[in-house]
Amino acid sequence: MTSDFVDNELDIRGLFCALWRGKRWIIGMALLGMLLAWIWSLLVKQEWSTTAITDRPTVNMIGGYYSQQQFLRNLDIRNGAAALAVPQPSVMDNAYQEFIMQLSSWDTRREFWLQTDYYKHRKVGNVHKDAALLDEMVSNIQFSPADSAKNLSDSVRLVAETAVDANNLLRQYVAFASERAARHLNQELTAAWAARTVQLKAQVQRQEKVANAVYQRQLHSVEQALRIAQQQGIDQAKTSTPSEQLPDSELFLLGRPMLQARLENLQANGPTYDLDYDQNRAMLDTLNVGPTLDQKFQTYRYLRTPEEPVKRDSPRRTLVMIIWGAMGALVGAGVALTRRPRA
């Protein structure tokens, strides 16, 4: 059986003819969509980002902090307090780890934005809106830790509304984090210096007490031996044993003249100290002067210095214009099909 009409038949030729007749609608709507996308890209908030890559500083960058920290380490090694099986990280590593801690800290980012004109000019005076703006700016600074497996170094990325702001703000933030790290390291150095001073002072006092106790014991022994020699009238030595080998109870055998000379020698010289005591005294005199703090030494070095970005992150004008133009073309095609003449 045949039928004069066929339902659901797709007329490809008629479709393209209808679209061709409504090409003005399609082109016009596509251009309108692209124009709207271009206007929207001018009005919407722009985002530019720049990146800095950092590594640990060199010896000359941390200046006097290195020499003073190394002095404390050598003092610990000399006193046997740092005899560890695992080697300690270098002074540069410690300084850089403090810098990384500050660079990735939420508090550091927050305090940085609070003191910038970039944030102050965008405040509206509303507490909740300003807090939301501050949280957004804090999240605009993103830190990526190093990954040795992928051969990646530590990096930090900052997003701002202009390319110039992104570059300047990132440089300021890295310097701000380094200054905070230097301040914390100086505080730690001062505290460690004071602790070593107290420790060494106690050690010197202990050595003085021990030496004085030995001296008083020697002095008492010679005085007792001299008194016995005087009582017994011993004017000449009655033993051939060296005096260093005689016990204290037999010192009177050395005779009154020798004992008198030893007593006068002890009284003139006072307590006897070893070389370790003299070294500790010299160290203590150095520690008593106190550390010389460098307030602005650099705790990092750049592997990639921040520069003004050449491409905008958002909005991507070309991509948005293409998408909106395609959507406008589809809308224009729909209008062309609805306005086609009916059979």
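So, here's what we can say about the structure. (Residues numbered from 1 in each chain as written. Predicted model: local features only at pLDDT ≥ 70, side-chain atom pairs only at ≥ 80, totals over all residues. Heavy atoms only, no water.)

### Concerning unusual backbone geometry
Notably, N151 is not glycine yet its phi reads approximately 60°, a positive angle. Looking at the secondary structure, you find N151 in the loop between β2 (141–144) and β3 (154–160). (Helix = DSSP H or I, 4+ residues; strand = E, 2+ residues; numbered from the N terminus.)

### As for the pattern of salt bridges
Inspection of the entire model under this criterion finds seven salt bridges. Close ionic contact of R56 with D93 constitutes a salt bridge, the shortest N to O distance being 2.9 Å. In this pair, R56 sits in the loop between β1 (48–55) and α3 (59–62) while D93 sits in helix α5 (residues 91–103), placing the two residues 37 residues apart along the sequence. Taking the shortest distance from any N to any O, the salt bridge between R122 and E161 comes out at 3.4 Å. Of this pair, R122 sits in the loop between α7 (117–120) and α8 (127–139) while E161 sits in the loop between β3 and α9 (163–232), and the two are 39 residues apart along the sequence. (Salt bridge = Lys/Arg side-chain N within 4 Å of Asp/Glu carboxyl O.)

### Thoughts on the sheet that holds β1
Spatially, four strands are ordered β2-β3-β1-β4 in an open sheet, and the strand pairing comes out antiparallel. Where the open sheet ends on each side, the last strands, each with one partner, are β2 and β4 (301–304). Between one strand axis and the next, the sheet turns through 30° on average, direction left out of account. Across four bridges, β2 lies against β3 in antiparallel orientation. Bridging across to β3, S144 finds its partner in S155. (Pairing = 2+ DSSP bridges. Axes fitted to C-alpha atoms, helices over the stretch in contact; angles between N-to-C directions.)

### Regarding the packing of helix α4 (residues 64–79) against helix α11 (residues 275–289)
At a minimum axis separation of 13 Å, α4 and α11 run at an interaxial angle of 155°. Taken together, the axes of α4 and α11 are roughly antiparallel relative to one another. Note on packing geometry: the crossing formed by α4 with α11 is left-handed. Along the contact surface, α4 presents F71, L72, L75 and R78, while α11 presents D276, Q279, N280, M283, T286 and L287. (Parallel < 35°, antiparallel > 145°, perpendicular 65-115°, else oblique. Left-handed = near helix turned anticlockwise from the far one by under 90°. Contact = heavy atoms within 4.5 Å.)

### Overview of a nonpolar patch on the surface
Taken together, the side chains of L32, L35, L36, W38, I39, L319, I323, W324 and M327 define a hydrophobic patch exposed on the protein surface, amounting to about 810 Å² of accessible area. Looking at which element gives the most residues to the nonpolar patch, the answer is helix α2 (residues 23–43), with five residues. Its place among the elements puts W38 in helix α2. Accessibility expressed as a relative area gives 38% for W38, which makes it partly exposed. (Patch = residues over 30% accessible without salt bridge, like charges linked within 9 Å, V, L, I, M, F, W, Y side chains within 5 Å. Areas by Shrake-Rupley, 256 points an atom, 1.4 Å probe, with all protein chains shown as cover. Buried < 20%, exposed > 50% of the residue type's maximum accessible area, 1.4 Å probe, protein only.)

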